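Okay, here's what each chain looks like letter by letter:
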Amino acid sequence: MTKCIQESFNFPDVKKRTVEVNFQGGDITSDGGVMLLRQVDKRIGLSKAVAQALEDNRRQASCRHDSLTLLRQRVYALACGYEDLNDHQQLRHDLAIQSAVEREEVLASSSTLCRWENRANRLTAWHIHQVMIERFVASFKRAPKELMLDFDATDDAIHGKQEGRFFHGYYDHYCFLPLYVFCQDQLLVSYLRPGNIDGAKHAWAILSLLVKRFRQSWPAVRIIFRGDSGFCRRRMLAWCERHEVGYIVGIAQNKRLNEITAQWQQAAEKQYVESGEKVRQFDEFQYAAKSWKRTRRIIVKIEHTEKGSNPRYLVTNLTGKPQLLYDKIYCLRGEMENRIKEQQLDLFADRTSCHLWWSNQFRLLLSSLAYILLETIRRLALQGTELAQAYVSTLRLKLIKIGAVILRNTRRIRFLLASSCPYQKLFFQVAERLTSG
C-alpha cells in the first residue's frame with residue numbers, strides 16, 4: 001500500500017490571499033538562542049568535566065559520536081524543551097544544535113542515544129554528582145559564611161515495569177521517590193530512589209558527605225540543614241548536633257505535642273471567636289520524643305481560622321525568636337519546591353521510562369545538568385533584569401526559542417535571528433555577560 005505523507009496544509013484565506021504552510025523552509029531553527037547554552041557551558045566547563053568523568057568502553061575507532069558530543073546533544077536538547085529521544089531523529093539535522101554541540105555533520109540518532117543511556121551504572125551517577133558538587137564550590141569567588149541545604153523528596157510517577165517500581169500509599173500510584181538537595185537555587189543532588197522506602201532514606205549519608213566536602217574548602221562555613229517532617233529522624237538530628245551543623249526541621253503533629261500546646265490552642269480559639277479574624281501566634285518549649293536521648297527546642301505556630309485549629313511544629317537548634325525562625329527561615333524552603341517543579345515540569349526529570357534502574361538515574365541527572373546550565377544563566381547574566389527570578393520555562397521561551405535562519409559555509413556560521421524578537425536587547429546583554437565573565 002502506498003504511504004502518503006502530507007507535505008503542506010492550506011489555512012483559510014487572509015484578505016483573499018491563500019495561506020499555505022509546509023516544512024520546506026530549509027535551514028531554519030526554532031532554537032536560535034541555543035548558543036547561550038553553549039556559552040554558559042564553556043564558561044563553567046560542565047559538560048567537559050562530566051564527559052571526562054564518564055567511562056567509555058566502546059571501541060573508539062568505530063565510534064562516530066564521542067561521549068562529549070552525545071552528552072551535549074542530550075543536555076542541550078532537554079534545555080531547549082525536547083524530552084523524548086525520538087525527537088532527535090529530526091533534531092539531529094538542526095544546524096543550530098549541531099553548531100552548539102560543535103559538530104558539522106549529522107548528530108547521533110535516537111537509537112545511538114538510547115544505547116548510550118543504557119550503559120550507565122552506579123559509577124556514572126557518582127561521578128556526575130562529584131562534578132555537580134565541584135561546580136557548586138567553584139561558583140563562589142570567596143568563602144561563604146553560611147550554606148542552607150534544603151532536602152526534599154518528591155514522587156516520580158511511572159507507568160511501565162521499570163526496575164525499582166513500587167506502589168506508594170501516600171501518593172496512591174506507582175512511582176520512584178527521588179531525593180533533591182538544593183542550596184538556594186543551585187542543585188547539588190538528584191538521587192533516584194525506589195518508591196517503597198522511607199522518604200529520608202540515605203539523607204543522613206548524603207548530608208554527611210556534603211558537609212565534609214564543603215568544610216574541606218571552607219572550614220569556617222556555617223551549614224544549616226532544612227527539611228520537612230519527613231526528615232525529622234533521630235540519627236539525623238543527633239549527627240547534626242555532634243558535627244556542629246544547624247538544623248530546622250518540621251515535626252509531625254502527635255498526641256503529646258498537642259497536649260502540651262492545648263492551652264495555647266484553646267486561647268487562640270477563644271480569641272478567634274471574639275474577633276472573628278484569623279489568629280496566628282508563636283511560642284516554644286522543650287520536648288523529647290521516646291526515641292530521643294535528650295530534649296530539643298520545639299517551635300510551635302498556633303493558628304486558628306474558620307477551618308479550626310492548625311498547629312505546626314518545628315525542631316531546631318538555631319537561636320532566634322520563634323516567629324522569625326518560622327517565617328524567615330523555615331518557610332523559605334518553599335522555594336525549593338519551585339525548583340523541583342522546574343525539574344519535573346520544565347526539564348522532564350520524570351521522563352524515567354527506561355527499564356534499567358541506572359539508566360533512569362542517568363536521565364534524572366541529564367535533566368539536572370540542563371537545569372544547572374539554565375540556572376547559571378539566570379544567576380550570572382540576568383541579575384537586575386526582568387528575568388532575574390524567571391522560571392527556566394520562561395528563560396527557554398524568551399531567550400532560547402527564537403526563530404533563526406542558519407547560514408553555514410567554510411568561513412563562518414551566521415545565526416539570523418527573527419527581527420521581530422521582543423527580547424533582542426536582553427539577549428545581547430546575556431551573551432555579553434556570559435562571554436566577559
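Reading the values: rules and limits
Residues numbered from 1 in each chain as written. Predicted model: local features only at pLDDT ≥ 70, side-chain atom pairs only at ≥ 80, totals over all residues. Heavy atoms only, no water. Axes fitted to C-alpha atoms, helices over the stretch in contact; angles between N-to-C directions. Helix = DSSP H or I, 4+ residues; strand = E, 2+ residues; numbered from the N terminus. Parallel < 35°, antiparallel > 145°, perpendicular 65-115°, else oblique. Left-handed = near helix turned anticlockwise from the far one by under 90°. Contact = heavy atoms within 4.5 Å. Nonpolar A, V, L, I, M, F, W, Y, C, P; charged D, E, K, R; others polar. Salt bridge = Lys/Arg side-chain N within 4 Å of Asp/Glu carboxyl O. Polar contact = N/O pair within 3.5 Å; in protein donor to acceptor, adjacent residues only side chain to side chain. Pairing = 2+ DSSP bridges. Patch = residues over 30% accessible without salt bridge, like charges linked within 9 Å, V, L, I, M, F, W, Y side chains within 5 Å. Areas by Shrake-Rupley, 256 points an atom, 1.4 Å probe, with all protein chains shown as cover. Lys, Arg positive; Asp, Glu negative; His and termini not counted. Charge placed at Lys NZ, Arg CZ, Asp CG, Glu CD. Buried < 20%, exposed > 50% of the residue type's maximum accessible area, 1.4 Å probe, protein only. Phe/Tyr/Trp six-rings, centres within 6.5 Å; stacked < 30°, edge-to-face > 60°. Core = buried A, V, L, I, M, F, W, Y, C linked by side-chain atoms within 4.5 Å. Arc of directions from axis to C-beta.

Structural notes on the packing of helix α7 (residues 122-138) against helix α8 (residues 203-217)
Alright, step 1. Viewed as axis vectors pointing N to C, α7 and α8 meet at an angle of 40°, and their least axial separation amounts to 11 Å. The orientation of α7 relative to α8 falls into the category oblique. Of the two elements, α7 crosses α8, and the hand of that crossing is right-handed. In contact with Trp-126, Ile-133, Glu-134, Phe-136 and Val-137 of α7, α8 contributes Leu-209, Leu-210, Arg-213, Phe-214 and Ser-217.
Alright, step 2. Grouping the constituent residues of the contact of α7 with α8 by class yields 7 nonpolar, 1 polar and 2 charged.

Some details on the pattern of salt bridges
Alright, step 1. Per the counting criterion, the structure on display carries 31 salt bridges.
Alright, step 2. With a shortest N-O distance of 3.8 Å, Asp-41 and Arg-72 are connected by a salt bridge. Separated by 31 residues along the polypeptide, Asp-41 in helix α1 (residues 34-44) and Arg-72 in helix α3 (residues 67-80) bring together distant segments of the chain.
Alright, step 3. Connected through salt bridges with shared partners, the residues Arg-38, Asp-41, Lys-42, Arg-72 and Glu-102 form a single ionic network.

Brief notes about the environment of Thr-385
Alright, step 1. Looking at the secondary structure, you find Thr-385 in the loop between α14 (357-381) and α15 (392-400).
Alright, step 2. For the pair Thr-385 and Leu-426, spaced 41 residues apart in sequence, the C-alpha separation works out to 8.2 Å.
Alright, step 3. Residues within four places of Thr-385 in sequence aside, it is in contact with Leu-426, Gln-429 and Arg-433.
Alright, step 4. At 2.6 Å, the side chain of Thr-385 forms a polar contact with the backbone oxygen of Leu-382.

Topic: the sheet that holds strand β16 (residues 404-408)
Sheet strands associate in pairs through backbone hydrogen bonding, adopting either a parallel or an antiparallel arrangement.
Alright, step 1. Judged by pairing direction, the sheet is antiparallel, and its 3 strands sit side by side in the order β3-β16-β17 without closing on themselves. Single-partner strands in this sheet number two, and they are β3 (28-29) and β17 (413-417).
Alright, step 2. Sheet topology note: the β3/β16 ladder contains 2 bridges and is antiparallel. Bridge assignment links Thr-29 to a residue of β16, and that residue is Ala-404.

A few points about the sheet that holds strand β7 (residues 173-176)
Alright, step 1. Pairing within the open sheet is antiparallel, and its 3 strands lie in the order β5-β7-β6. A single partner strand is all that each edge strand has here, and the edge strands are β5 (156-157) and β6 (166-168).

Side note on a positive patch on the surface
Alright, step 1. Side chains of Arg-234, Arg-235, Arg-242 and Lys-293 sit close together on the surface and give a patch of like positive charge.
Alright, step 2. The residue Lys-293 is located in the loop between β12 (279-287) and β13 (296-305) in this model.
Alright, step 3. For Lys-293, a relative accessible area of 84% translates into the label exposed.

What to know about the packing of aromatic side chains
Alright, step 1. Applying the stated rule across the entire model yields 19 aromatic pairs.
Alright, step 2. Relative to Tyr-174, the ring of Phe-167 lies with its centre 5.4 Å away and its plane at 75°, an arrangement referred to as edge-to-face.
Alright, step 3. We classify Tyr-174 as partly exposed; its relative accessible area is 34%.
Alright, step 4. Between Phe-427 and Phe-428 the ring centres are 5.8 Å apart and the planes differ by 85°, which places this aromatic pair in the edge-to-face class.
Alright, step 5. In this structure Phe-427 comes out as buried when scored by relative accessible area, which is 10%.
Alright, step 6. Ring-pair connections join several aromatic residues into one group, and the members of that group are Phe-136, Phe-140, Phe-214 and Trp-218.

Details of the packing of α1 against α3
Alright, step 1. It is at 10 Å that the axes of α1 and α3 come closest, and there the two elements cross at 125°. Considering the angle they form, α1 stands oblique to α3. Considering only the axes of α1 and α3, their crossing is right-handed. From α1, Val-34, Leu-37, Arg-38 and Asp-41 reach across to α3, where they touch Arg-72, Tyr-76, Ala-79 and Cys-80.

Here we look at the nonpolar core
Alright, step 1. Core analysis: the largest hydrophobic core is formed by 73 residues, its most contacted members being Leu-37, Leu-369 and Val-430.
Alright, step 2. For this core, the element with the most residues is α14, which contributes 13 residues.
Alright, step 3. Discounting chain neighbours no more than four positions away, the residues touching Leu-37 are Tyr-76, Ala-79, Cys-80, Leu-373, Leu-374, Ile-377 and Ile-400.
Alright, step 4. Counting 45 residues, the second largest nonpolar core, distinct from the first, contains Trp-218, Cys-240, Leu-257 and Tyr-313.

Observations concerning the side chain of Thr-305
Alright, step 1. Of note, Thr-305 is situated in strand β13.
Alright, step 2. Setting aside its immediate chain neighbours within four residues, Thr-305 contacts Tyr-272 and Lys-278.

Some points on a nonpolar patch on the surface
Alright, step 1. Taken together, Ile-28, Val-405, Leu-407 and Leu-416 make up a surface patch of nonpolar side chains, about 300 Å² in accessible area.
Alright, step 2. Tracing the backbone shows Ile-28 in strand β3.

Things to note about helix α2 (residues 46-53)
Alright, step 1. Residues of α2 that are buried include every one of Leu-46, Ser-47, Val-50 and Ala-51, and no others. Along the axis of α2, the buried residues cluster in a sector spanning 120°; they form a single face. Away from its buried face by more than 90 degrees, α2 exposes Lys-48 and Gln-52.

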